[in-house]
Amino acid sequence: FNVIDQGDLDDDAKPVDPHHSLLVAPEVVHLSRFASLYKLYPDSVDPNRVALCRHNAEVALKLQRHSLARMWRLVSSVLRGAGIDHLPIDSSNPTNALQFALLPTIRDLLLERSNVGDVQTCVALCEILQVFSGPADAEETHVPGLDVYLVREWYLSYIDLLHQMCLFSHASALIRECKDPVIGAINQQSTIIHEACPSCGEAILETLQADNAGYGVARRVCRSCRSRIGMCFLCHEPVKGMFVWCAGCGHGGHLDHALLWFGGMNGKPVREMCPTGCGHRCNIGQQLQAFPITEHE
């Protein structure tokens, strides 16, 4: 997967250089682009689910996926016509015809996308509509006739695809935001790592410090030498999201910056020396070959 779904596209959403592209199953074409461009949760620009579906329809349209664009527009229209911004908890008393048709329509759309292997759209639609937003111990979804175990299979399959595409931050964010306790527990399994300060070599322990509001916040500072921990070795800013580092000298930073320095992107030569000037010949360049490299903004 690290050689597909990358690079520039032409006006028809096809690779500019077809000789370096790999034909794959249609359900995973543009998977990483959709993962980066789709919106699953309301924000200041798209404050409700109707707006989210419209945004995702525009994304699908730009990538020449017209059937997906029509699906997102249909969901947006049904939600707007039903006059609600969420799935109804009690579907026995609909106030209009579209509310009556909403749940069967969502179920049929999900099963249709599932039948063609498009777990990404299934998961995106489930997250936007909060299919799992019931009690923690609930073994059912908010969509009648939609089996909870089938939905979990969609999530697990999509998370596995994200991992294969090296989109670890996207997978972690999905696991963190998912309301289902089974999916949410994935991030709690085998996630403990032990760190050492790259400056003095002492073990790093989290220290809690009260912020202005009185809440405890983790302070990433070495107790031994008081050096700040988790700073990028190129931009010198705290790293949020994917962090890569050299096991030899302990220095690291943002994945994109590591690719820029060690990966020989944009015509720049491949480097081996650590950018901090510590003199260590890092092996990050070899490790980064497992990550997809996209040389366009």
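What counts, and at which threshold
- Position numbers for residues count from 1 along each chain, tracking the sequence in the order it is written.
- In view of the model being predicted, local features appear only for residues whose pLDDT reaches at least 70, and side-chain atom pairs are presented and counted only at 80 or more, with totals across whole chains, interfaces and linings using the full set of residues.
- Side-chain numbers here rest on the full set of heavy atoms in the structure, without hydrogens or water.
- Each helix is a run of DSSP H or I of at least 4 residues and each strand a run of E of at least 2, with the numbering of both proceeding from the N terminus.
- Exposure classes here rest on a 1.4 Å probe applied to the protein chains alone. A residue is buried below 20% of its type maximum, exposed above 50%, and partly exposed in between.
- By definition in these notes, contact holds between two residues if any of their heavy atoms fall within 4.5 Å.
- In plain terms, two cysteine sulfur atoms within 2.5 Å form what is called a disulfide here.
- Between rings of Phe, Tyr and Trp, where Trp is taken as its six-membered ring, a pair exists when centres lie within 6.5 Å; planes separated by under 30 degrees are stacked, by over 60 edge-to-face, and by other angles tilted.
- A carboxyl oxygen of Asp or Glu within 4 Å of a side-chain nitrogen of Lys or Arg is what we treat as a salt bridge.

How should the overall build of the protein be read in this particular structure?
When its secondary structure is counted, the protein shows 10 helices and 4 strands. Secondary structure elements in the protein, listed N-terminal to C-terminal, are α-α-α-α-α-α-α-α-β-β-β-β-α-α. Here the protein, with 297 residues, has 37% of them falling under the buried criterion. Taking all contacts inside the protein whose residues are at least 6 apart in sequence as the whole, residues at least 24 apart take part in 51%.

Would you mind going over the state of the cysteines with me for this structure?
By definition, a disulfide links the sulfur atoms of two cysteines through a covalent bond. Throughout the structure, instances matching the rule amount to 0 disulfides. The thiol of C278 is not disulfide-bonded; the next cysteine sulfur, from C274, is found 3.8 Å away.

Got a minute to help me understand the packing of aromatic side chains in this structure?
Here the structure, examined in full by the defined rule, presents 5 aromatic pairs. For the ring pair F34 and Y38, a centre distance of 4.8 Å and an interplane angle of 35° mean the geometry is tilted. Note on Y38: relative accessible area 8%, which makes it buried. An angle of 50° between the planes, with centres 6.1 Å apart, marks the rings of F233 and F262 as tilted. Taken as a pair, F233 in the loop between strand 2 (216–219) and strand 3 (243–245) and F262 in helix 9 (residues 255–262) lie far apart in primary sequence, 29 residues in all. Both residues of the pair, F233 and F262, belong to the buried class. What links up through ring pairs into an aromatic cluster is the set F34, Y38 and W72.

What is the right way to look at the environment of A203 in this model?
Relative to the helices and strands, A203 resides in the loop between helix 8 (181–184) and strand 1 (207–210). Remark: the alpha-carbon pair of A203 and S224, spanning 21 residues in sequence, is separated by 8.8 Å.

Looking at this model, I keep getting lost on the pattern of salt bridges. Mind explaining?
Pairs may arise between side chains of opposite charge once their charged atoms sit close together. Applying the stated rule across the entire model yields 8 salt bridges. Of the charged contacts in the structure, one is a salt bridge between R113 and D118, with a shortest N-O distance of 3.0 Å. Each member of the pair, R113 as well as D118, carries the same accessibility label: buried. With a closest N to O distance of 2.6 Å, R281 and E272 form a salt bridge. Residue classification places R281 among the exposed residues on the basis of a relative accessible area of 55%. E272 sits in the partly exposed class, given a relative accessible area of 43%. Among the charged side chains, a network of salt bridges with common partners joins K39, D43 and D46.

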